[in-house]
Amino acid sequence: MYLQNRNLYMEESSSGSDEKSRKTEYQLILIAALKKEIETAHRLDPEKLAAEIEKTGFSCQYCGKCCRRAFGDNRVVLTPQEIENIRDYTELSKLEVAGPLIPEACQPEETGDGEEDGEENGEEDRNAKGSSRASETDEELLNEEQPSELSTLFELLKEDIDSEGNIHAFGWMLRRKRNGDCIFLEKDTNRCRVYPVRPMLCSTYPFYIEGLKLYTCECEGLGHPISAKESRKLTESLLSRYISELEDTLAMYEKYEDFERGEKGPEIARNDLEKGTCVYIVHDSRGITKIID
């Protein structure tokens with residue numbers, strides 16, 4: 001159990017002889033489907049994917065739009081290993097780097113400039129432990145939601161609230177500033193403060209693989225020339241990301257144990273949130289983490 005800023009959290013590993021007996025039928029179906037997709041993913045033709053990327057074309061324009069909330073859903077899903085990589089690089093705590101993965105509709109909208117103090121300190125600020133960049137992020141903003149926004153939050157999350165009022169989240173996302181922008185985006189240069197250890201999603205953007213097919217997100221860099229060599233390099237990273245994410249999701253499903261729901265749970269969660277408290281249980285490939293903010 002650790003105390004970091006105002007966040008209390010504890011981590012547990014899901015294990016035990018009765019683990020299999022607690023899996024739901026739907027959970028077992030998902031596990032089987034993921035195993036099949038992982039097996040097939042290993043057989044994807046990298047040369048074919050590289051040719052598709054080269055034909056599409058891509059060159060980063062350093063516009064920073066993919067990192068800014070004002071231009072759409074900029075959530076970055078993280079694996080536990082990616083969180084560790086960023087922690088080691090920045091010396092920030094786990095909860096300063098990542099928060100629970102929750103629906104975009106629950107996230108803060110653009111609220112003016114919203115830049116954090118210390119934004120202009122550059123490299124020195126990047127490595128500062130307990131940096132102010134992480135002081136006002138997604139969880140704290142949820143505590144400031146208006147009644148109508150709280151209703152939207154509960155409509156989206158009510159199936160994920162247990163009988164004790166804990167909100168269950170499935171995975172982690174990179175922290176964002178008060179205005180919704182990535183906490184590691186440099187304001188003036190649109191460069192990334194953690195570029196050497198940036199998440200796989202960022203290093204392969206705007207491309208992604210889903211259901212064994214290649215897709216692209218909206219991006220100003222699409223359509224610009226890319227060499228065959230760079231296309232193959234990007235393909236290698238993209239396939240590694242795809243398989244890693246599938247394996248991470250599989251491990252989460254295998255560890256997951258369903259929770260008890262009850263009529264009082266959402267009421268407890270709503271009351272807690274109105275009092276400025278938010279309680280999450282985050283499920284990931286390594287077990288569960290309880291966060292009390």
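Predicted model only: the values in this text are computed from it and were never measured. (Residues numbered from 1 in each chain as written. Predicted model: local features only at pLDDT ≥ 70, side-chain atom pairs only at ≥ 80, totals over all residues. Heavy atoms only, no water.)

## Observations regarding the sheet that holds strand 6 (residues 172-174)
- The three strands are arranged 3-6-4 in an open sheet whose pairing can be described as antiparallel. Bordering the open sheet on either side are strand 3 (77-78) and strand 4 (98-100), each of which pairs with just one other strand.
- With two bridges connecting them, strand 3 and strand 6 associate as antiparallel partners. The residue bridging Leu78 from the neighbouring strand is Trp172, located in strand 6. (Pairing = 2+ DSSP bridges. Helix = DSSP H or I, 4+ residues; strand = E, 2+ residues; numbered from the N terminus.)

## With respect to helix 2 (residues 46-56)
- Within helix 2, the full set of buried residues consists of Leu49, Ala50 and Ile53. Projection of helix 2 onto a plane perpendicular to its axis shows the buried side chains occupying an angular sector of 100°, all on one side. Those residues of helix 2 that are exposed and angled more than 90 degrees off the buried face are Glu47, Lys48 and Lys55.
- Contacts from the buried residues of helix 2 go to strand 7 (207-210), strand 8 (213-216) and helix 9 (228-255). (Buried < 20%, exposed > 50% of the residue type's maximum accessible area, 1.4 Å probe, protein only. Arc of directions from axis to C-beta. Contact = heavy atoms within 4.5 Å.)

## Points about the confidence of the model for the protein chain
- Mean pLDDT over the protein chain stands at 83; residues scoring 70 or higher make up 76%.
- Predicted confidence is poor over residues 1-10, with pLDDT under 50, and the contacts of this stretch with residues over four places away or in other chains come to 31 contacts.
- Predicted confidence for residues 13-20 stays below pLDDT 50, and this span has nine contacts to residues more than four positions away or in other chains. (pLDDT = per-residue confidence, 0-100.)

## Quick word on the packing of helix 1 (residues 25-41) against helix 9
- Contact pair helix 1 / helix 9: the axes reach a minimum separation of 10 Å and the direction vectors enclose 160°. Compared by their axis directions, helix 1 and helix 9 come out roughly antiparallel. The crossing of helix 1 and helix 9 is left-handed. The residues of helix 9 that touch helix 1, namely those facing Gln27, Leu30, Ile31, Leu34, Lys35, Glu37, Ile38 and Ala41, are Tyr242, Ile243, Leu246, Glu247, Thr249, Leu250, Tyr253 and Glu254.
- When the residues that make up the contact of helix 1 with helix 9 are grouped by side-chain class, the tally is 10 nonpolar, two polar and four charged. (Axes fitted to C-alpha atoms, helices over the stretch in contact; angles between N-to-C directions. Parallel < 35°, antiparallel > 145°, perpendicular 65-115°, else oblique. Left-handed = near helix turned anticlockwise from the far one by under 90°. Nonpolar A, V, L, I, M, F, W, Y, C, P; charged D, E, K, R; others polar.)

## Some remarks on the pairing of strand 10 (residues 287-292)
- The pairing of strand 9 (residues 279-284) with strand 10 spans six bridges and is classified as antiparallel. In the strand pairing of strand 10, Asp284 is matched with Gly287.
- Hairpin connection from strand 9 to strand 10: two residues lie between these consecutive antiparallel strands.

## A short note on unusual backbone geometry
- Note that the residue after Tyr205, namely Pro206, is joined by a cis bond; omega there is 10°.
- By secondary structure assignment, the location of Pro206 is in the loop between helix 8 (200-204) and strand 7.
- If you check the backbone angles, Tyr62 has positive phi at about 55° while not being a glycine.
- The topology assignment puts Tyr62 in the loop between helix 2 and strand 3.
- The phi dihedral of Asn190 falls on the positive side, at around 60°, and the residue is not glycine.

## Some words on the pattern of salt bridges
- For the structure shown, the criterion picks out eight salt bridges.
- Two residues, Glu254 and Lys35, come together in a salt bridge whose shortest N-O distance is 3.9 Å. Taken as a pair, Glu254 in helix 9 and Lys35 in helix 1 lie far apart in primary sequence, 219 residues in all.
- On the accessibility criterion, Glu254 (30% relative accessible area) is partly exposed.
- Note that Glu245 is salt-bridged to Arg241, the shortest N-O span being 3.0 Å. Of the two residues, Glu245 and Arg241 both sit in helix 9, four residues apart, roughly one turn of that helix.
- According to the relative accessible area criterion, Glu245 is partly exposed, its value standing at 26%. (Salt bridge = Lys/Arg side-chain N within 4 Å of Asp/Glu carboxyl O.)

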